[in-house]
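# Commentary on secondary and tertiary structure
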Amino acid sequence: MAIRITRKSLIASLVAWMVLLIFPQAEALASEESVQIEIPLFEGGQGLSFFLHCAREYEKERPGIRVNLYGDPRIVEKVKVRVLEGSFPEITNAELSHWALIGEGKYLPLDEFLDGPNWEGDSSWRESFMPGSLDLFTHEDKTYGIPLAYYVHTVWYNKKMFGEKGWKPVQTWEQFFELCEKIKASGLWPLAFQGRYHDYAQRYIEAAYYHLAGRRRYYAWGQLQPGCFDNPEFVQAMELVQRLALNYFQPGSMGMSHTEAQLEFFMGRTAMIVCGSWLKSEMLGKIPDGFEMGTFNFPIPSVNTADPSAIQIQSGFYFVFKEGQHPRQAVDFLRFMTSRRMAATFCRERDIPVAIKGVNEENLSSDTKELAAIINASGTSYGKIPGDSYRILEQRLTDVRFDLLTNRITPQRAATVLEKHAATLRQENLNPDDITVRYVWKPVLFLGLLAAGIVYYLLTSLGRFLAARGSGRVPASKSPLEFGRANLALFIGPALLLYSVFVIVPCMKSFAWSVHRWNGLGEMTYAGLVHFGRLLFESDYFWIALGNNLFIMSIIPLFVLPFSLFLATCISRGITGSQLFRVVFFFPNVLGVVAITLLWMHMYNPQGGVVNTALVGLGRGVSGIGLEGLGTYLQGFASFAWLAQDHLYWALVPMSIWGACGFNMILFLAAMESIPQSLYEAAEIDGASTWRQFHSITLPLIWPALSIAVVFMIIGGMKTFEVIWLLTNQAPTTATHVIGTLMIRSMFIDFKVGQAAAIAVLLFLMVLFGSAVTLRIMKRETVEF
Amino acid sequence: MAEVVLDKVTKVYPGEITAVRTMDLQIRDAEFIVLVGPSGCGKTTVLRMVAGLEEITDGTVRIGDRVVNDVPPKNRDIAMVFQNYALYPHMTVYKNMSFALKLRRLPKTEIEQRVRDVAEILGIGELLERKPKALSGGQRQRVAVGRAIVRQPKAFLFDEPLSNLDAKLRVEMRAELKSLHNRLKTTTIYVTHDQEEAMTLGERIVVMKDGQVQQVGTPLEVYGRPANLFVAGFVGSPPMNMLSGKVIRWDQGFYFDEGLAKILLPERLNDALRDHVGKDVIMGIRPEAMNLHAQGRFAGQKNILPLTVKVIEPLGEKMDLYCSSENHPQIIARVDAEAGLEPGQSIELHLDLSRVHIFEPGEPGRNLGLT
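Residues numbered from 1 in each chain as written. Chains lettered and ligands numbered in written order. Predicted model: local features only at pLDDT ≥ 70, side-chain atom pairs only at ≥ 80, totals over all residues. Heavy atoms only, no water.

## Some words on the overall build of chain A
So the rule is basically this: Counting from the N terminus, the helices are the DSSP runs of H or I reaching at least four residues and the strands are the DSSP runs of E reaching at least two. We compute the radius of gyration over the C-alpha atoms and compare it with the globule rule, which gives 2.2 Å times the number of residues raised to the power 0.38. For every residue, the accessible area obtained with a 1.4 Å probe (protein chains only) is divided by the maximum for its type, and the residue is called buried under 20%, exposed over 50%, and partly exposed between those limits. We call two residues contacting when some pair of their heavy atoms lies within 4.5 Å. In this description, accessible areas are obtained by the Shrake-Rupley approach with a 1.4 Å probe, and a residue is regarded as covered only by the protein chains that are shown. The sign given to each residue is positive for Lys and Arg and negative for Asp and Glu; His and the chain ends receive no count. Charged side chains are reduced to one point each, which is NZ for Lys, CZ for Arg, CG for Asp and CD for Glu.
Scanning chain A from N- to C-terminus turns up 33 helices and 15 strands. On C-alpha atoms alone, chain A measures out to a radius of gyration of 31 Å, which is about the 28 Å that the 2.2 N^0.38 rule sets for 785 residues. Projected onto the principal axes, the alpha-carbon positions of chain A cover approximately 90 × 80 × 55 Å. Among the 785 residues that make up chain A, the fraction classed as buried is 52%. Long-range pairs, those at least 24 residues apart, make up 76% of the contacts in chain A with a sequence separation of at least 6. For chain A, the computed accessible surface area is about 35,300 Å², with 62% contributed by carbon and sulfur atoms. Positive and negative charge centroids in chain A, built from 66 and 68 side chains respectively, lie 6 Å apart.

Below, the structure written as C-alpha cells:
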C-alpha cells in the first residue's frame, strides 16, 4: 500500500515543527519585559542560601527587578560555555580565566561605582572594603573584582588538642617543623592534606616563596621572566614543602578528597590542616560537638626577612560582564550584597570573615575570631598571580607538584623543569608557528595506522560492493513504498534538520576551528595545520594522553570482557546464585558514570574506606593461618592512596569491571539466550565438554554481540572523560590526562580553541576508523537458527 | 548395536509433576520402536532420559549390558536427531557431520571417509560445503540424520524429526528412514505424536498417555486389538466410533443395545460379557468395519445401525460418511464410493461383527475382548 500524504498536511506538519522549535524563544522574549539580572554562582563551601536570601531582599528594595540567581559546584563549565558563545550573564564568581577576560575587555571596570556611595550612603563604596582587599583584581588602576567573603588561607589547628598537649601556634618554618615533630611523637599525624586536589599544595609553595623571594619576585612569575623558577629561593620553598609532605602529611592523604581530608582533621586524627576561610562553613554538620578551631598564619622563613602579617588570599570575587544586558543594575546588586547588613548576615550564617569593614568583629563565632584578628592585623596580601602566562604553566606545575609531594622529583629538578617549560612558553609566545620536532616515529606510526585503516576500510567496502553486484544482490533502488519527494522530506526532514543543527554543523565548525588560532574571545586567525603539527610532533601531553586512552581501551576490556562473558554464561546456564550477580552487576547501569565514580571514591578512601579495610582485614586473616608474607603485603594497604594520580589507572580496573560488566553481560546474555538449547544438547551428545561447548557453540554464535561490545569498549576507551576528570578534581597531571580531558583543558582552561578542536578532530578520526575497522575485521557471516 | 531396556523408570519434575510413571520397556537389538502419544504424554521425556539429557528419578535405563543412569550423554554411544535438527548454524554440513568424530580424535582420513560415505547414502554429497541456512527443510533433515549415522552409534534416538516438514516431504522421508533402518539395522527409538507415522515406521509401537504406557505391540496389534478406549481412539484415522449402550442377553446371545438398534455381539465375547449384562458399556467400531450393503462380512440381520447422513466426504475409491442418530451425535463410516446418497438421507449401516470391540466405560476403559 502506498502512503499518500498531501501537500497540505506536509505544510501543516512543518509549521508544527517550526512552532515547536521557536516556542521556547517566544517564551523567553515574553519574560524579558522586566529587568532581569542573571547571576550564576559557584556553590562551594559558602553554600547558596545566603545569596538566594540576598536576591529576594534586593528584589524587595528594587521592585521591577528580578534576580535570577542559581548555583552549582561545576558552574564554571556552564559559564565558560556562555562566555565562548558570547551570551553573557550579568554577574559571576566562577573561576574563569579572569585575566584573559580583563585583557579582552569583557569585565566591567568598577571604579566609577566604587568612587560613588556605598549602599548605606555613609562612605564611598571603595572605602567600605578592608584595606588591600580590592588589590587582587586591580590592573592598570582599574578595579574589576568585588569581594564579599575574605578567603584567607591559613593553618587551622585543633584548639582543644593543642591546649591539652601544651602545643602553641608558631610563626617560622623551623618552629613549624618542631611542632610537627612533637605532634608526630605523640602518636598523631600533624597535617591532613587534600591530596586529590593537590592544588592545596600550591598554597604552601606560594606562602614559602612569597616570604623567601619577596613581593616583587613573587609577582614576576606572572611574566615568566627568566630565572623566575630556577633560583635558590624557589628551590628552598620547594624543599620546605617536600619536607613537610614526606614527613608530616597523613599517610594516604594523596588519595583523599578535600572533604575526606578535612574530616580527618575534625575527627581528631590529625592536629592541623591548611585551608581557606570557608573550612568551617564547608564542613558544617560534620564537625563534632565541642570541637574548637584555632588558626594561625602560614609560617615564614625568619621574622627578620619577611612580613609575618601578610595574608594569602584567594579569589572569591564577583565580576560584572560588560556585555551583559544590565551591567549597571548588576553593580547596584553588588553594592547591596556588600552592604553591612547583608555582609553581617553572611558572616553570621556561614561564619566566614568578610571583606567589609566593621562587620567581622561582631558577627564571627569564637572559632573564626583568630582568623578575623589575622585579617585585621594584615598590612599586605598576596595571592593568585595576575596575568595569563602563569595559567598556561599550570599543567606543568600540577605535574611538578605531584612529583614533589610523592618524592619523585628533587626540589632542584622541579625548579629546572619549570624554568625550562617557562622558556618554551616564552618561545612559543614569540613564535607561535614554530614547532620543535620531538617525536618522529610515533606520529609516523599514528598517521600510517590511520591511513592503513582508511585504505583497508575502503578496499573491503569496494570488495563487498563488487561481490554484491556479482551475485545480483545490489539493493533495489526503488522502495516498495512509493515515496514521493514531499513524503520523504516529511519523514526524514525533521530528523535531518535536528541532526544537522546539533551534530553536523558543530562538527564542521570544529573542523574549521582546528585550523585557526583563537582564544574564544578575540579575533580568530588562520593557523593552518600548526595545531596538528604541535600535537603530533612536539607535545608530550598528546602522546601520554593517547597512551592512557590505549590503556583504558586495551587493558580494561581484557578484564571486563572475559568477566562479563563468564557471568553471562553462568546466568544462562542457570548456575545457583547467578541471579544475584545479574542484579549486582546490572545495578551500575541505572546509576550513571558520575554516581559510580562518587561511590568508588568513598570505597577507595585511604582512611577507613571499604577497599583498604577489607585488604587489611584479609591480611590479618591470612597472617593468622600462617601465610605471613602475604599477610604483611596485604596489611601494607592500610592508608594506601588508590586514587592518587600514580595509581589511578589500576584503580579504574575494578571500577570498570563493576561499571561496564553489567551492560556487556546483558548484551552477551541476550545473545546467548537466543541460542537454542538443543544445540548444546546435540553438542553434549556429540561428546563436547562444557568448555568445548562454550568455545565451539557459544562463542561463534554470540560473535556479533562480542564485536559490538569490543567496539563499544574501544569507543568508550577513546572517549573516556568523566571518570578521570572527577577523580583528579579537574586537574589531571600530564601523566593522567586522557585525550578527552586534554581537549577540555585546552578549550576551557587554556582557552586554546583551535588546539582543542584539533584534538577533537584527531579523536574523531581515531574513533571513526578505529571502530569501523574493528567491526570490519570482526565481521563474520550472520547465522540463522 | 544393542538392546535398550527401561526398568521401572520414573521421572518427576520439580513441583511434583510426574512426567513418566514406572515404565517398563524392552527394546530389542536392531528394533525400530516408536513412542507415540499426544503432547505431554512423556514420550520425549523417555527419549531424553535414554539420551542422558534428563536425569532419571527412579528405575534404571540399560543400553547393551551397561546401566547408564549416571553415564553422561557423550559416553552412552547414542545419537539423536532433534525436532528442529539442532544443526550448528555456523558450521558447514561437513563440519556439522564431522564434529562428533573430531571430538573423538579419529584420524582425519577416517573422518573424511565416513562423512563422504554417509553423505553419499543420504544424497547430500553436493551440500557438504554449505551452511545450514542455505539448505531446504528436507536437506537439513538429511544432514541431521547424517550427523547421527556417521557416528555409528549403538542406538538412534529420533525426537519428532519429521514434524517440521511439509506433508509430501514427510511421506518421502518416512520411507527413506525406514529403508535406512533396514540397511543399518541399528536399534532406533522414534518419538512422534502422529499415529500414522508410528504405524508406518514402527516394528513395534508404544502408545503412551499421562506418563504411562497404554499398549505395546506391532502396528497391526495396536490397531486391531486396542487395549483400551484411549488406544482405540488414538490409533487410526478417522478414529474408531464409540457408541454407548448396554449389554443385554436375549435369545441365547449377547446384544449391544444402543437404544434404537440391538447389535448381536460375537461369540468370542460371551465369556467376557457374562458379568456385564445390564451394565453400561461402550462399543467400538472402526469406520471401515461398516458398510452400506449386507454382503460378505457385513451380511446378517442383527448388525444394522439406522442413521442419518450429515456430510459426505468423497476420497476417490472410498468415501467417508458423517452420520448421526438420536443417541449418537457423530458416527463416521468409510465405505466404497457410490453415487445417489444425499445429506439428510436415512441409511442403514451394516457392521462387520468380527471387528466390534466392547470397552468398559470410564478410565482406563479396558477392552473386554482382550481378557
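## Considering the interface of chain B and chain A
We apply this condition: Joining two parts hides part of their accessible area as seen by a 1.4 Å probe, and the buried area is that hidden amount summed over both. Any pair of nitrogen or oxygen atoms within 3.5 Å is treated as a polar contact; in protein, a donor-acceptor pairing is required on top of that, and neighbouring residues in sequence qualify only through side-chain atoms on both sides. Each residue gets one of three labels, nonpolar for Ala, Val, Leu, Ile, Met, Phe, Trp, Tyr, Cys and Pro, charged for Asp, Glu, Lys and Arg, and polar for the others, Gly among them.
Counting residues at the interface gives 23 residues for chain B, matched by 21 residues for chain A. In total, about 2,000 Å² of surface goes out of reach between chain B and chain A, with carbon and sulfur atoms giving 62% of it. For the chain B face of the interface with chain A, the top three residues by lost area are Pro89, His90 and Lys133 of chain B, together amounting to 28%. Summed over the shared surface of chain B and chain A, the number is seven residue pairs in polar contact (both at pLDDT 80 or more). Contributions of two or more residues to the side of chain B that touches chain A are made by helix H1 (43-51), strand E6 (78-81) and helix H2 (93-103) of chain B. Of the residues contributing to the side of chain B that touches chain A, the split by class is 15 nonpolar, two polar and six charged.

## A short note on empty space enclosed by the protein
All names here are of chain B. Rules: Space inside and on the surface of the protein is sampled on a 1 Å grid over the protein atoms alone, with a cavity defined as a set of points where a 1.4 Å probe fits but cannot get out and a pocket as an open set with protein on both sides within 12 Å along at least 5 of 7 lines; lining residues have an atom within 4 Å of a point. Grid points are joined across faces, edges and corners, and a volume is the space filled by probe spheres set on the points.
Here the structure, examined in full by the defined rule, presents four cavities of 30 Å³ or more. Counted as a void, the largest cavity has a volume near 90 Å³. If you trace the largest cavity, you find it lined by Phe32, Val81, Val145, Ala148, Ile149, Phe156, Phe158, Leu177, Leu180, His181, Leu184 and Thr188. Of all the secondary structure elements, the ones that give two or more residues to the lining of the largest cavity are helix H4 (137-149), strand E7 (155-159) and helix H5 (167-184). Considering every element that reaches the lining of the largest cavity, the biggest residue donor is H5, with four residues.

## With respect to the packing of helix H8 (residues 200-220) of chain A against helix H9 (residues 232-248) of chain A
All names here are of chain A. This is how it is decided: Inter-axis angles, ranging from 0 to 180 degrees, are taken between N-to-C directions of lines fitted to C-alpha atoms, where helices are fitted over the stretch in contact. What sets the label is the angle itself: under 35 degrees gives roughly parallel, over 145 gives roughly antiparallel, 65 to 115 gives roughly perpendicular, and the rest give oblique. Here a crossing is taken to be left-handed if its near helix is turned anticlockwise relative to the far helix by less than a right angle, and right-handed if that turn runs clockwise.
Two numbers describe how H8 lies on H9: the axes approach to 8 Å, and their chain directions differ by 160 degrees. As summarised for this structure, H8 and H9 are arranged roughly antiparallel, according to the angle between their axes. The crossing of H8 and H9 is right-handed. Two secondary-structure elements touch here, H8 through Tyr204, Ile205, Ala208, Tyr209, Leu212, Ala213 and Arg217 and H9 through Glu233, Phe234, Gln236, Ala237, Met238, Leu240, Val241 and Leu244. Taken together, the residues that form the contact of H8 with H9 break down as twelve nonpolar, one polar and two charged.

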